Structure formats: C-alpha cells, structure tokens
Amino acid sequence: MENAVAKRLEKIAFAGIRKVFEKANQLEAQGKKVIHFEIGRPDFDTPDHIKEAAKQALDKGFVHYAPNSGIPALREAIAGRLKADKNLTYNPNSEIIATAGGQEALYLSFLSILNEGDEVILPDPCFGPFSLAVSLAGGVPVKIGLQPKQNYSYDWEAVKQALSPRTKAIVVNSPHNPTGGVLSEDQLKAVAAFACEHKLWLICDDAYDHLVYEGCRLSPAALQGMRERTILCGSLSKTYAMTGWRIGYIAASELIIGAAVRLQQNIMLSLCTFAQHGAVAGLTGPQDCIHAMAGEFDRRRQLVVETIRQIPGLELEGEPKGAFYVFPRIILPGITSAQLADYLLDYAGVAVVDGSVFGESGNGHFRLSYAVSYEDCRDGLERIASAMKALVQKQ
Ligand SMILES: Cc1ncc(COP(=O)(O)O)c(C=O)c1O
C-alpha cells in the first residue's frame, strides 16, 4: 500500500544503540560472555523503600487515573528537592508537571515552545532523541560541535555563527551524554548570558544532575534572570535507578507548564499512579542511596579513565566528570568508529556504541558506559586493551 506510513517516520532511524545491543544478545545466546558497556542505565536495583511505597500504593487501591500534571504529593516532593538540592523555588501547583521520564519532559518542552521552522541549538554529539524531538515538534535542530578540552562545552564561535532570527532555544545537558562532560560555573554563566542576550529558552536536561563527581552542580535556573527563561527537564531514572518506572518532570514558568499540561492531557493522560507514589518515597526519603550509587560510579570512573589513557590507539581528549560515560577517540588511521565498535564486539566480546550514533562530531569515537559492575569494568577494559594492542601491531 502506497503512503501507508506517515512521512514523518522517515525522520526516525532505527536506534543505533539497539543494533549493538541485539548483536551482543546474539553472541550471548551462543554462550559467549559479553561486557555490556553499551547500556546507558544504572546496574543497581531501585532502593527498597521506593519499591515498598509503590507496593503499598497498589494495596491501597491507587490503580486509577491520576491528575494530568501528576499527583499533588509528587509535585510537592519534586519542588521540595529542587529547593533543598538547588535552592530553586517552584510552585508545585502551577510550575511543575510530572512526565513519563526525562524523555517525555523534553518532548513536551519542545512541543510547547516551537513553531514550524524555529531553530534549536543542540550539542554535537548528544543524546539521540534531542534532534528528533525538535524535528517532530516542527523545529530545526542546529547541532554545534563541543570542545572536549573545555569540559565538552559549546564552541562559541560556531554558536554565534549559527544564531539566526529563527533561533528559539539552546540546550544544555550537564553532565553530558555521551561524553561525561560537566560544565563549569563560568561556562554555565556564559550559556545563560547568551540565552538572555538573544531572548532564547534554555532547555536544561538534568537527567544526570546527581551524578557529578567533580565540578559544578549549579543550576542555570538559579542564575540572575534565568528562572523565567529556563525549562528544567528532570528525571528520577538515573538518580534512583528507576529507569523502568518512567518518572521525570518539567519545572518551568506557569506559561510553559500550562502548555505542557494541555499536551499531557491529550498524550499520556496521566502517569502510572502507583509508580508516582514510589517516586514520592524516593524524593522525600533518605538520600544516602543516591550518594552510595554515585560513589560507586565514581570508583569505576577512576578505573576507566586511568586505564583508557594507557590503551594504545585510544585517546581521551577531555575529562569525564559526570554521568557514567566516557567517549574515547580512536587514533588509528583507516578504521571508522563503526568498524571499531564491531571489532571490539566480535574480537573481544565488549559492546560499546559507535560515536557517530550521537552526531557527526561523534565520528571516530565510541561511548563506553561504566554502569556495569567494577569487576566487569576491569574485565572489559583488559579485553579492550588487548584488542587494541592486536590492532596497533597489525598496522
Ligand atoms: C541526556 C539524557 N536525557 C534524557 C534521558 C531520558 O531518560 P529518562 O526518560 O529515562 O528519564 C536520557 C536517557 O538516557 C539521557 O541520556
């Protein structure tokens, strides 16, 4: 049947990460041990008190639709954490909406602000769904290369050149997927000043905001003049090891939240009710679980960074200071990052993601996620080291 599937689907490519994941699964089905450095989710279980609260909510009959913007207790808990952690004040009744993860928060944000042809400045490389979310909202993604040696911040000369009368927003994602970069206070101030000067929205993707091991934890929304301009897209997924619960949020001005709630009414209607009760327990309960997880990620990060710096054929140009990713560059001639990712999986049983999946600037890199056990990190790094030595010797 001709035109059976809408044209907009042409914008949606098969996710590059799934390709490597499926190939890794095939190898495992053949009995091979694979180290899963490709997966971008914490390997920890959700803390017990969060699961317990969701179970109790089920037992109490919280199985029906919830309010479109999320249960009041969840919005209050989000507002409470933003105050305690970032000294940001948001009205839980009018300035916060609960979303199905940070990903839906991003979609609702772009759908709320973009008219056809509006441009959004995005980091390159970046989390894949950014560009698609902008395009599906009628906007135009304008991808700007990052500077690895400057905490993977924007190349400002390129940003200034890309600025046009149609520029509507700029995205900040610190800590950054896929590089692990964390912007400094001065760098955040520079983005904020740029957004103010050119009257842009600042979309702040805070998916990894509790996974900062070195450097700045400041929210750009806390900077002068930025609260009304910033759309904070947060998530409980990585912070509380709750990726499958699908709980995130937007904190922004009443104008934006009003628009997002109207969309939510017609898209999701509401989030899973008992999952929201679990999320309340996460946000209002003891926070030592997140410090324990972050401490373990940091231990692995140190191992990964130190080891990769010694592996021949690889270079770590910047300092990964957050999230659970590193993004080494391949410094061997004649091999693409797609070929190297395939080689590491076939030869060494190590799954990593070809950097070009994250944008043009990711070409020649791969993303390694250290959200696997310390032992698997050590084993996987040893495998990469011997695979790279073999490759270097062949050259
Ligand atoms: C940068 C970034 N933003 C947002 C998300 C969305 O996460 P979730 O929808 O689980 O909150 C992810 C997930 O990997 C991410 O890496």
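Here is what the cut-offs are and how they apply
- Residues numbered from 1 in each chain as written.
- Predicted model: local features only at pLDDT ≥ 70, side-chain atom pairs only at ≥ 80, totals over all residues.
- Heavy atoms only, no water.
- Helix = DSSP H or I, 4+ residues; strand = E, 2+ residues; numbered from the N terminus.
- Rg over C-alpha atoms; globule rule 2.2 N^0.38 Å.
- Buried < 20%, exposed > 50% of the residue type's maximum accessible area, 1.4 Å probe, protein only.
- Contact = heavy atoms within 4.5 Å.
- Lys, Arg positive; Asp, Glu negative; His and termini not counted.
- Charge placed at Lys NZ, Arg CZ, Asp CG, Glu CD.
- Pairing = 2+ DSSP bridges.
- Near = heavy atom within 4 Å.
- Polar contact = N/O pair within 3.5 Å; in protein donor to acceptor, adjacent residues only side chain to side chain.
- Areas by Shrake-Rupley, 256 points an atom, 1.4 Å probe, with all protein chains shown as cover.
- Nonpolar A, V, L, I, M, F, W, Y, C, P; charged D, E, K, R; others polar.
- Domains from an automatic or database assignment.
- Buried area = accessible area lost by both parts, 1.4 Å probe.
- Salt bridge = Lys/Arg side-chain N within 4 Å of Asp/Glu carboxyl O.

Counting its regular elements, the protein chain contains 12 helices and 15 strands. In terms of overall dimensions, the protein chain is globule-like: its C-alpha atoms have a radius of gyration of 21 Å, near the 21 Å expected for 395 residues. Judged by the C-alpha coordinates and their principal axes, the protein chain covers about 65 × 55 × 55 Å. Within the protein chain, the fraction of its 395 residues that count as buried is 56%. Excluding contacts between residues fewer than 6 apart, the proportion of contacts in the protein chain whose partners are at least 24 apart in sequence is 74%. Each charge class in the protein chain can be summarised by its mean position, and for the 40 positive and 44 negative side chains these summaries are 1 Å apart.

Side chains of strand β9 (residues 248–251) alternate between two faces, with Gly248 and Ile250 and Tyr249 and Ala251 buried alike. Relative to β9, strand β2 (residues 96–99) runs antiparallel, the two sharing 4 bridges. Its bridge partner being in β9, threonine 99 is matched across the sheet by glycine 248.

Topologically, leucine 332 is positioned in the loop between β12 (329–330) and α11 (337–348). Judged by relative accessible area, leucine 332 falls into the buried class, the value being 12%. For the pair leucine 332 and tyrosine 90, spaced 242 residues apart in the sequence, the C-alpha separation amounts to 50 Å. Residues within four places of leucine 332 in sequence aside, it is in contact with Gly313, Met388, Leu391, Val392 and Gln395.

Structurally, threonine 273 is set in helix α9 (residues 273–284). Given a relative accessible area of 9%, threonine 273 falls into the buried group. With near-sequence residues (within four places) excluded, threonine 273 lies in contact with Phe62, His64, Tyr65 and Ala66.

The full set close to the ligand counts 13 residues, and Gly102, Asp205, Tyr208, Ser235 and Ser237 are the nearest of them. Contacts to the ligand include glycine 102, whose backbone N or O atom sits 2.6 Å from an oxygen atom. Between tyrosine 208 and the ligand, the recorded distance is 2.7 Å, taken from a side-chain N or O atom to an oxygen atom. Compared with its free state, where it exposes 390 Å², the ligand has 93% of that area covered by protein. Element by element, the count of residues in the shell around the ligand is highest for helix α4 (residues 101–113), at 3 residues. When grouped by side-chain class, the residues that make up the shell around the ligand number 3 nonpolar, 7 polar and 3 charged.

Here the protein chain is described as being made up of domain 1 (7–45 + 289–394) and domain 2 (48–284). Between the C-alpha centres of domain 1 and domain 2 the distance comes to 26 Å. Each partner contributes to the roughly 2,800 Å² buried at the junction of domain 1 and domain 2, and carbon and sulfur atoms together form 60% of this total. The three residues of domain 1 that bury the most area against domain 2 are Ile290, Lys321 and Phe358, which together make up 22% of that side's buried surface. Put simply, glutamate 214 and arginine 301 hold a salt bridge, and the shortest N to O gap is 3.0 Å. On the surface where domain 1 and domain 2 come into contact, there are 17 residue pairs in polar contact (both at pLDDT 80 or more). Elements with a contribution of two residues or more to the side of domain 1 that touches domain 2: α10 (288–308) and β11 (325–326). Of all the elements, α10 adds the most residues to the side of domain 1 that touches domain 2, at 7 residues. Here the residues of the side of domain 1 that touches domain 2 are counted per class, giving 16 nonpolar, 6 polar and 11 charged.

When you line up the elements, threonine 99 lands in strand β2. Overall, threonine 99 belongs to the buried group, its relative accessible area being 0%. Within polar-contact distance, the side chain of threonine 99 engages the backbone nitrogen of tyrosine 249 at 3.1 Å. Not counting the four nearest positions on each side in its chain, threonine 99 is found in contact with Glu104, Ala105, Leu108, Arg246, Ile247, Gly248, Tyr249, Ile250, Gln264 and Leu271.

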